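# Coordinate analysis (summary)
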Amino acid sequence: QVQLVESGGGLVQAGGSLRLSCAASGSIFSINAMGWYRQAPGKQRELVATSTSGGSTNYADSVKGRFTISKDNAKNTGYLQIDSLKPEDTAVYYCNARVKDSKTLYTMDYWGKGTLVTVSS
């Protein structure tokens, strides 16, 4: 079993910054990839950023230059640094990780329950 827990969300003024964390715990053999998604009210969940175990990253066009995805492999924790926040960034942000379970050796995608980011103008 694997659990992902996001943290770091909150209420921030436009132009400010936040750093979101995604802590993975449980029977982890390896984390092959991590990603961040967000869902605004009335909209579908959308991809924000992804990172592979090899270090490659990609970002949605709407966040390029403002968001940075990273991870600390020793801590099994991923991060999303968010700078120059805009009101349209307001959403629930979800962490996703592709994890090989150390007990079953199955590889599966896991999701956190989300952390709310609210940007005021």
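What comes next is a walk through the structure.

Thresholds, definitions, all that
Residues numbered from 1 in each chain as written. Predicted model: local features only at pLDDT ≥ 70, side-chain atom pairs only at ≥ 80, totals over all residues. Heavy atoms only, no water. Phe/Tyr/Trp six-rings, centres within 6.5 Å; stacked < 30°, edge-to-face > 60°. Lys NZ or Arg CZ within 6 Å of the ring centre and 35° of its normal. Pairing = 2+ DSSP bridges. Helix = DSSP H or I, 4+ residues; strand = E, 2+ residues; numbered from the N terminus. Axes fitted to C-alpha atoms, helices over the stretch in contact; angles between N-to-C directions. Disulfide = S-S within 2.5 Å. Polar contact = N/O pair within 3.5 Å; in protein donor to acceptor, adjacent residues only side chain to side chain. Contact = heavy atoms within 4.5 Å.

What follows deals with the packing of aromatic side chains. With the rule as written, the count across this model stands at 1 aromatic pair. In this structure, Arg 45 is placed above the aromatic ring of Tyr 94, and the distance from its NZ or CZ to the ring centre is 3.7 Å. Over the ring of Trp 111 we find Arg 45; its NZ or CZ atom is 4.9 Å from the centre of that ring.

Pairing of strand β4 (residues 28-39) with strand β5 (residues 46-52), which is carried by 6 bridges, proceeds in the antiparallel orientation. Bridge pairing in β5 places Ala 33 opposite Thr 52. Taking the residues that link successive antiparallel strands as the turn, the β4-β5 hairpin has 6 residues, and the phi of Gly 42 there is positive, at about 75°. Inspection of the sheet shows β5 paired to strand β6 (residues 57-59) by 3 bridges, in the antiparallel sense. For Ser 51, the partnering residue across the bridge sits in β6 and is Thr 57. The hairpin turn running from β5 into β6, its antiparallel successor, is 4 residues long, and Gly 55 in that turn takes a positive phi close to 100°.

Overall, antiparallel pairing links the 4 strands, which are arranged β1-β3-β8-β7 in an open sheet. Two strands bound the open sheet, and with one partner strand each, they are β1 (2-7) and β7 (67-72). On average, adjacent strands in this sheet sit at an angle of 15° to one another, irrespective of strand direction. One ladder, built from 6 bridges, connects β1 with strand β3 (residues 18-26); its direction is antiparallel. Bridge pairing in β3 places Val 5 opposite Ala 23.

This part covers the state of the cysteines. Throughout the structure, instances matching the rule amount to 1 disulfide. A disulfide bridge connects Cys 22 with Cys 95, and the sulfur atoms are separated by 1.9 Å. Taking the torsion about the S-S bond as the criterion, the Cys 22 to Cys 95 disulfide, at about -80°, is left-handed. Of this pair, Cys 22 sits in strand β3 while Cys 95 is found in strand β9 (residues 91-101), placing the two residues 73 residues apart along the sequence.

This part is about the side chain of Thr 115. Within the secondary structure, Thr 115 sits in strand β11 (residues 115-120). In terms of polar contacts, Thr 115 uses its side chain to reach the backbone amide nitrogen of Gly 9, at 3.1 Å. In contact with Thr 115, other than residues within four places in its own chain, are Glu 6, Ser 7, Gly 8, Gly 9, Leu 20, Ala 91, Val 92 and Tyr 93.

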